[in-house]
Amino acid sequence: MRSEVKARPVSRTRGRRLGAFVFLSPGLTYLVVLLLVPLALVLSYTVFQRGRFGGVVYEFTLENFQRLADSLYLGVVGDSLKIAAITTVIALLLGYPTAYLIAQLPAKWKTIALVAIVLPFWTNFIIRVYAWIIMLSGPGLINSLLGTKLELLYNQGTIVTGLLYSYLPLMVLPLYSTIEKLDPQLREASANLGASAFTTFRKVTLPLTLPGVLTGAMFVFVPSFGNFVIPEMLGGSKSIMVGNLVRNQFLTARDWPFGSALVLALIAVLIVLLLVQAWAARRA
C-alpha cells in the first residue's frame with residue numbers, strides 16, 4: 001500500500017512535466033531555431049575577418065571590437081541613445097495623462113478609447129511612415145495649411161516625431177494597466193488627510209504606478225534605439241542611428257564580422273538597460 005501511495009505522486013509529477021513539455025515545445029522550438037541559432041551564428045562572426053569582396057574569412061581577429069571605439073561609431077551610438085531617450089521622455093509626458101484619463105472613463109468609453117489607442121497598429125507600418133512624409137514634405141499638408149515652405153523633413157526632430165507616433169501606444173497601455181489597478185480609496189484617504197491633488201499624485205499615485213512607467217519606458221526606448229526604417233525615411237542621409245549602421249554593414253558594406261560586433265554591442269547595451277529597469281522595479 002505504501003509503495004502504491006508513493007508511486008501515484010511520482011506518476012502525477014511525471015505526467016505534469018510531460019504535459020508542460022508538450023505545451024512548451026512549439027514555443028521553445030521557435031526560439032531555438034529562429035532566434036538562438038541565428039543569433040549565435042551572427043555573434044560567432046565577431047572574431048573573424050571580412051573577406052576581400054565581403055562575407056567572412058575564418059581567421060581569428062579582435063579588430064572588429066577595436067573599431068567599436070572609433071569616434072564615428074561612438075557618435076552614432078550616442079545620437080541613437082539621445083533620440084531614443086527624448087522619444088521615451090516625450091512619450092511618458094504624453095502617455096501618462098492619457099492613460100490616467102482613460103482609467104477614469106466609464107467602462108464603455110474605456111473600451112472605445114483603448115481601441116483608438118491601438119488602431120494605428122492595424123495599418124501597415126511603412127504606410128504610416130509614408131503618411132508622415134506626405135504631411136511634412138515641402139508641398140505637404142502642414143505647409144499648405146500654414147502657407148509656409150518650412151523644411152520639416154530630414155532632421156532629428158522628424159525622427160523623434162515618427163518614433164513617438166509609432167511607439168506611443170506601447171507607453172499608454174502598460175501605464176493604463178497599472179493605473180487601472182490602483183485602489184481609489186488610497187487617493188481618497190490622501191485627500192481626507194489634507195494633501196493637495198499634486199501631493200497625492202507625487203506621494204501616492206506616481207510611486208504605485210512606477211512599475212508601469214518603467215515597463216512603458218523600456219517598451220518605447222528599446223525599439224526606438226534599434227529602429228532603422230524611420231531614421232532612413234524621415235531622417236534621410238543627414239541622420240543615422242545604430243540600426244541603420246548595422247543594416248549598412250550587412251547589406252551595403254558586406255562587412256558581416258563588424259556588423260556582428262555592432263549587434264553584440266547593441267545587445268550588451270540593451271541587457272544593461274533591462275538590468276537597470278529590473279533593479280528599479282524591485283526598488284519601486
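Quick notes on the rules
Residues numbered from 1 in each chain as written. Predicted model: local features only at pLDDT ≥ 70, side-chain atom pairs only at ≥ 80, totals over all residues. Heavy atoms only, no water. Helix = DSSP H or I, 4+ residues; strand = E, 2+ residues; numbered from the N terminus. Buried < 20%, exposed > 50% of the residue type's maximum accessible area, 1.4 Å probe, protein only. Axes fitted to C-alpha atoms, helices over the stretch in contact; angles between N-to-C directions. Parallel < 35°, antiparallel > 145°, perpendicular 65-115°, else oblique. Left-handed = near helix turned anticlockwise from the far one by under 90°. Contact = heavy atoms within 4.5 Å. Nonpolar A, V, L, I, M, F, W, Y, C, P; charged D, E, K, R; others polar. Expected span 1.5 Å × (residues − 1). Bend = angle between axes of the 7 residues up to and from the residue. Salt bridge = Lys/Arg side-chain N within 4 Å of Asp/Glu carboxyl O. Phe/Tyr/Trp six-rings, centres within 6.5 Å; stacked < 30°, edge-to-face > 60°.

## Notes on unusual backbone geometry
- The residue Tyr154 is not glycine, and still its phi comes out positive at about 60°.
- Looking at the element boundaries, Tyr154 is found in the loop between helix H6 (141-146) and helix H7 (156-180).
- Residue Tyr154 is classed as partly exposed on the basis of its relative accessible area of 39%.

## Overview of the packing of helix H5 (residues 125-136) against H7
- Orientation of H5 relative to H7, taken along the N-to-C sense of each, is 140°, at an axis distance of 11 Å. Relative to H7, the element H5 lies oblique. By crossing handedness, the relation of H5 to H7 is classed as right-handed. The residues of H7 that touch H5, namely those facing Phe125, Arg128, Trp132 and Leu136, are Thr158, Thr161, Tyr165 and Ser166.
- Of the residues contributing to the contact of H5 with H7, the split by class is 4 nonpolar, 3 polar and 1 charged.

## Quick notes on the side chain of Thr200
- Tracing the backbone through its elements, the reader meets Thr200 in helix H9 (residues 197-226).
- When near neighbours in sequence (up to four residues on either side) are disregarded, Thr200 contacts Arg187, Ser190, Ala191, Ala195 and Thr205.

## Comments concerning the environment of Gly147
- The topology assignment puts Gly147 in the loop between H6 and H7.
- Considered as a pair, Gly147 and Trp122 are 25 residues apart in the sequence and their alpha carbons are 32 Å apart.

## Brief notes about H7
- When the terminal C-alpha atoms of H7 are compared, their 35 Å separation across 25 residues agrees well with the 36 Å that a helix rising 1.5 Å per residue should span.
- Where H7 bends most, at Tyr167, the angle is about 45°, and the proline Pro169 comes one to four residues later.

## So, the pattern of salt bridges
- Scanning the entire structure with this criterion turns up 3 salt bridges.
- For Glu232, the salt bridge is made with Arg247, and the minimal N-O distance between the two is 2.5 Å. On the criterion of sequence distance, the pair formed by Glu232 in helix H10 (residues 229-235) and Arg247 in helix H11 (residues 242-251) is long-range, its members being 15 residues apart.
- You can call Arg247 partly exposed: its relative accessible area is 23%.

## Observations concerning the environment of Phe225
- If you trace the backbone, Phe225 turns up in helix H9.
- As for Phe225 and Phe125, which are separated by 100 residues in sequence, their C-alpha atoms are 17 Å apart.
- Setting aside residues no more than four positions away along its own chain, Phe225 makes contact with Val77, Ser80, Leu81, Ala84, Met241, Val242, Gly243, Leu266, Val269 and Leu270.

## Concerning H11
- When we look at burial in H11, the residues that qualify are Val242, Gly243, Asn244, Leu245, Val246 and Gln249.
- Along its buried surface, H11 packs onto helix H3 (71-104), H9, H10 and helix H12 (256-283).

## Some points on the packing of aromatic side chains
- Within this structure, the stated rule accounts for 6 aromatic pairs.
- Judged by centre distance (5.0 Å) and plane angle (75°), the rings of Phe48 and Tyr58 are edge-to-face. Of the two residues, Phe48 sits in the loop between helix H1 (2-44) and strand S1 (49-50) while Tyr58 sits in the loop between strand S2 (56-57) and helix H2 (63-67), which places them 10 residues apart along the sequence.
- Ring plane angle 90° and centroid distance 5.5 Å describe the contact between Tyr96 and Phe201, whose orientation is recorded as edge-to-face. Of this pair, Tyr96 sits in helix H3 while Phe201 sits in helix H9; the two residues are 105 residues apart in sequence, bridging distant segments of the chain.

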